[in-house]
Amino acid sequence: MLRAILLLICCLCTMTAVSAARNCTEADYVFEYTECKTDGSRWRVSVPKENGACLGGEPPAPPIKGQPCDFTCGPGTYLQKEGDQECHLCPPGEYSLGGGVRYDDWDVVPEEFSQKTVRSFDFAVEGLNCNGTKWVPWGDYIEAMGKDCAAQLILNVQLITKGKMAVVYQYPASASMFKILRSSDQCVSNNDLFHQLSNQDDNFETTYLTDGNSLDDETWRTEEISLSSGKNQIIFQVDFYGMIYGNDINDRMVKIKSIEINGVAYSSSCAPCPPGTHSSDEGASKCDVCPKDTHAPTKRSSKCLPCNSTTHYAPAGSVNCTRRKPCTKQDYFSTHTPCDEKGQTRMMYKWVEPRVCRFDVKGSVSLPSSEQATVCPPCNPGMTSVNVSDGSCVFCPKGYHGSGAEECKKCPPETEPSYNIEMKYFHSLPSNAQIECFSAKLLWRGCSGVTGWIMHGDYIGTEPENDVSAKATLTIQTIGFRGQEGIVHGQPNSVGRVQFVFEMICDHDCELSFLETTDIGMSQSIKTWTKQQEKKSFAYDVTHSGKTQFMWRFKKSATYDEFGETGDSSSATAGELRIYSINITNTKDGGASVCSNCLTKNAESKGSECLGCSAGKYYDPETKDCFFCPENTYANVLNSVGQDSCIPCGPGTKSVAGSTFCYSDCTFTDTQGRFYNFSALVDMAVNVSSAPLFTLSGSQYFHQYTIDICGKRKNATCNATVASRVLHKENVPNVRSSACKISYVPNFNGSRFFVDPVSIGDQLLAVVDKESLGNLTRNDFTHPDERNGTVITFFYRGSRATSACPSGRSAVVSLHCNPDEKGPGKLTLPQNCPDGTCDGCVYGFIWHTQLACPFCRKDDYESFKDCNAKDNMTHIVYRKKDSSVCYRGLPKPADKKIGGCVQKVIVNKGSILDYKVYIAIGLGVFVLLMIFLFVLWYKNRSLEYKYQKLIQSSNPGDELPAPETCGQDSEEEIVFDQKRPGRGKKLLKKIKNLAGKKDEEEEYFDTIKLEPMATST
C-alpha cells in the first residue's frame, strides 16, 4: 500500500513538472560545430541552450555539413552559424576583428574567462586566507587584487593558424610578480595547472612582464606574445608577497586594459562599441573615440551626440556631457612668454586647457591682462640656454660650468666641475626630470591639463583643478653620486644630499610623499606630509651611490578611496603643491655652476675631472700628493685631507696600511688579561631563524640571519630565491656582508622561498668586553648556569641609512663561553626580541660556543699530593679548577713523582683528606651503629618477658596466683632475692651468651617471694 502511494506521488510530480515546462522553440537551440575530422570536415549541429528548460515543441534542426575547419572570416565580419554559414558585415555600432578577438569591456568578467586562486610558490602557511585574492573588473580595466596568494585569470582559445596576443597592462613596482603562462600542446586541467607549474612542466612557457621604474609608475605598457596553432590555454597570474613586504606597498595592483588575440578562425558575433565610442559604418574592425564636446552614453552607438558647447563640455571619449561652472581664479594660470630678441619676457595668463568653465555668466572672473616686460629669467645653475625663443635649457657639457645666465665656460686646469642638479627657475625642466599625472579615471579625466602641473617661473605647482582621484608626480633621476659609501665615525657616510623648499595649500587632507628608488630594487618613502604646510625646507642625506630616482607625489586627499564612490573634485576644491627649489648635490651627472681645485698634483690638465687619491689614501696639502693611511687606521671617505683625516680603528680591531675598513684578527685580550682566539670561526658563517611573524591577514613568515664575525672577508651571504623576479630588477645583487637578514616562507616540500636580503653589518666598529659602545647596547639573555666567564661583543654598522634608521642598521653579536657547545656552537636571538630586533634598527645575537672560552693559563689548574700504594711513591696530581671554564691554551701539567711516601698526611691547600682517615671514620660509625642496635634489642627482650608473665597470670590452670593477686595492695609485699647480680654483670653475661660461651654456674633468676593473703573470718 505504501509503495503504491509513493508511486502515485512520483507520477503526480512528474506530470506537474511536464505541465510546467513550456514547449521548445527555435530560440531554445544554438548551433555549434563538431570536432574536425581527419579530412578537415565537420558538421553543424543544434544543441539546447539550457538542458530541461523546455520539452517537446519544435524539434531541433537536423545536422548539416558545416564549413571546413580552415574557413575564416575577415575583420569587420562574423560567421552566421544559424543561417547560411557565411561571413556577414557587422552592423553600425559594433565591430569585429574577424580572425581575432579583443577584450576591452570589463563591466563584468567575460564568460570566456575563468578564475582561480592558488598559493604563491606553494607557500605552506597555516591559516592562509586567499578569499580576497581575485581579478576584479572595473569597466575600463580588470585588476588583480590580493595580499598573500596568486590570482589567475584563465582563457582557453583555439587558433587555426599561428597568431599573437597583445596585452595592454599597468604594473607599478610593488610586492607582486606578474607573469603570463601559456600552453598549446594540450588542454590542461585547471586543477592540475598549478601543480604542473610548480614542477616546471615543459608544456608551459612563462613570460615575466616588466614593472614600472617606481612605486607610482602607472604607465600603460603593451606586451606581445606569439601563440601556436591549435588549442591554447593562457593564464594571467599575479603572485602577491604582502606577507613579507607589508601592506603599504600592495595598494598598487596589476591592471589589464585590453587583451587582443589574432589567429582564430572567425568571430561568432560582433562586439558592441563601448560607451564613449562609436562605429558609423558597417563592417567596422574597431570603434572610434567620440571627439571633444560629443558623447556616446550607451553601448552600440553608431554616432556620437553633440554637447551644447556653451553650457556643457565633454573631453574626447566621454559618456556624458558635463555642465560648465563659472570661471574662478583656479581656471587660469600665469606663465612667461618666450624671451624676445631683447631678452625680455612678459607674465601672461592662460586658461587651463581644455577650458571647462564659463566666463560669460554672473560671478565668473575674466582672464587678467599680460604684465609689463621683464628680463628673462636665466637657466638654472649648471645649464645654458639653447633656444632663446622657447626658453629651453640644457646642462653644460662635461668639463664646463655655468651660472645659467651666460654661456658655459671650460674649467681651468687642475680643477674639475662640481656637478649638482639644481632647480630654482621653473620655465622648463632638464632632461632627467619628468612631470606626470595619473588617475583612477582613465584617459585624462582626473588630471587637469596634460601633465597636471604648471610651471610658474619661480616655482612649479600642481594644477588646482586636478581631481581628488589624481596623483601628480615629479620625478628626477641621477646616474649616481660621486661620494664613496662607507662608515665614518660609526655612521653611514653621506654621498650626497637632496634639499627642497615647498608649500602645501589645502583645505582637505592632502598628502605629499617624498620617495627614493635605487638600482638595487629598494624603494622607500622618505617622508610624508599631510594637510596644509607653510613654506618650509627639507633635507635628506643620501647613502647609496648608485643610480637613484627621487619622486615627489601629491594627492589632494590622502583618504580617497580609488575604487569607491568618491571622486568628485568638489570634495577637495583647494589642493595645491608648490615647489620653489630643488638641489641634489655631488651627483655624477647634471650641471656644474663652479669648478673645484684638484687636491692632487697629478690632476688632468684638461680641466674635466680630477684623478684624486685612490681608496685608502689621504691627501697631503704640503706635498700635494697622496699617501696610504697608516696601520690601524682607515681612510675617511668624507674628508681625506691630511693624515689626521685617517680614522683610528675601534677597540679590538686593526688594519693594514691603506685600508678602507678595520677588521678583527680573531684574537682578543680582556680587561682581566685573559686571551681569546676566535680564528676557528674564520669563514664559519652561522645562521638563525626568528620566531614566526604574522601579517595583518594572519600569514606567517620568518627572518633568517647569517653572521660571520671574523677575518677580513665578509662571508655572510643572503641570497634571494628569485630576487630579480620579485624585485623586477635584473641587476639586483645578493647581499654579502658580515651580518645580513633575509625573509623567507617555508614551502610544502620543506624548502624555503627567500626574498628581500638586507645587510645589517657592513663594517666592524669594535670588539670589547663591555655591554655598550656609544649608543649601541648589547641585548642578550643568559641563565645563571650559562653565563660562564666574560662576554665578548662585536659591534657592526650597516652602510645604508633609511628613513626608519637614519644612522643605519646595526648588529651586536655577543660571544658566550659554553664548553658544552662544540664547534661553531649555537646562535640565538634575544628572548625579549624574538624577531632579533626591538626597534627595527639594532639587531642582537647571542652566540654560545666553546670557541668563545678564554685560553687556559697556569692559575686555571690546582694540584694535590697522593701516596701511591703501588709504587710507594708520592705523586703530585694536577686538575682544572671547578671555577675555570677555559678552553685550549696552556695544557694541564703532567703528574710527577717527588719521592717515597711519608706517613704524615700532607694536604695541600684545597686538597682532599688521606684515605686512611676515611677508613677510621667508617669503622667508628659502624661500631656506634652496632651498639645502637643492641640497645634496641635489649629493650625489646625485657618488654617481651613482662608480657609473657602477664599472659601466664591470666590462665586459671596455672600454679601462679589468679590475675587479681598480681596487683599489689596494702596488705601485700613483694620481696626480691638479694642474690640478683648488678646490671653491669648482667650486661657482661648477655654479651658472653651472644658469643656462645654460656656459664651454667653464673646463671641467675629473678626470685620473688609471695606472702599468703590474710583471709577474713
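Since the structure is predicted, the reported quantities are computational estimates derived from the model, not experimental observations. (Residues numbered from 1 in each chain as written. Predicted model: local features only at pLDDT ≥ 70, side-chain atom pairs only at ≥ 80, totals over all residues. Heavy atoms only, no water.)

Colleague: Looking at this structure, how should I read the side chain of T415?
Modeller: Along the chain, T415 falls in strand β36 (residues 415–423). Assessed through its relative accessible area of 6%, T415 is described here as buried. At 2.4 Å, the side chain of T415 and the backbone oxygen of P412 are in polar contact. (Helix = DSSP H or I, 4+ residues; strand = E, 2+ residues; numbered from the N terminus. Buried < 20%, exposed > 50% of the residue type's maximum accessible area, 1.4 Å probe, protein only. Polar contact = N/O pair within 3.5 Å; in protein donor to acceptor, adjacent residues only side chain to side chain.)

Colleague: Help me understand the pattern of salt bridges, please; the structure alone is not making it clear to me.
Modeller: When charged atoms on two side chains of opposite charge get close, those side chains can pair. Scanning the model with the defined rule gives 19 salt bridges in all. Among the ionic pairs, D360 bridges to R358, the shortest N-O distance being 3.1 Å. Linked through salt bridges whose partners overlap, the residues forming this network are D105, D107 and K299. (Salt bridge = Lys/Arg side-chain N within 4 Å of Asp/Glu carboxyl O.)

Colleague: Explain the state of the cysteines to me, please; I cannot follow it from the model alone.
Modeller: In protein chemistry, a disulfide is the covalent bond that joins the sulfur atoms of two cysteines. Within this structure, the stated rule accounts for 18 disulfides. Between the sulfur atoms of C73 and its disulfide mate C87 the distance is 2.0 Å. Its S-S torsion of approximately -85° makes the covalent link between C73 and C87 left-handed. Of the two residues, C73 sits in the loop between β5 (64–65) and β6 (77–79) while C87 sits in strand β7 (residues 87–89), which places them 14 residues apart along the sequence. Bridging C327 to C357, the disulfide has an S-S length of 2.0 Å. Given an S-S torsion of about 85°, the disulfide between C327 and C357 has right-handed geometry. Remark: C357 occurs in strand β30 (residues 357–358) and C327 occurs in the loop between β27 (325–326) and β28 (332–336); sequence separation between them is 30 residues. Side by side, C327 and C357 carry an identical accessibility label, which is buried. (Disulfide = S-S within 2.5 Å.)

Colleague: I'm lost on the sheet that holds strand β31 (residues 373–375) in this one. Help?
Modeller: Note: strands within a sheet are paired through backbone hydrogen bonds, in either parallel or antiparallel orientation. Strand order in the open sheet formed by three strands is β28-β29-β31, and the pairing between neighbours is antiparallel. Looking at which strands have only one partner, the edges of the open sheet turn out to be β28 and β31. Here the average twist between neighbouring strands, direction ignored, is 35°. Here three bridges tie strand β29 (residues 344–351) to β31, and the two strands are oriented antiparallel to one another. Along β31, the bridge assignment pairs R346 with A373. (Pairing = 2+ DSSP bridges. Axes fitted to C-alpha atoms, helices over the stretch in contact; angles between N-to-C directions.)

Colleague: Help me understand the confidence of the model for the protein chain in this model?
Modeller: Reading predicted coordinates in detail is not appropriate for stretches of low pLDDT. The pLDDT averaged across the protein chain works out to 77; a share of 76% of its residues lies at or above 70. In this model residues 602–607 is a low-confidence stretch, pLDDT under 50, and it forms 17 contacts with partners more than four residues away in sequence or in other chains. Counted against residues more than four places away or in other chains, residues 997–1010, with its pLDDT under 50, gives 20 contacts. (pLDDT = per-residue confidence, 0-100. Contact = heavy atoms within 4.5 Å.)

Colleague: Would you take a moment to explain the sheet that holds strand β45 (residues 523–530) for this structure?
Modeller: Taken together, five strands build an open sheet; the order of strands is β37-β40-β47-β44-β45 and the sheet is antiparallel. Across the chains shown, the open sheet's two edge strands, defined by having one partner strand only, are β37 (433–439) and β45. Strand-to-strand twist in this sheet, taken as the mean axis angle between neighbours without regard to direction, amounts to 20°. Bridging between β37 and strand β40 (residues 470–478) involves seven bridges; their strand directions are antiparallel. Bridging across to β40, I435 finds its partner in L474.

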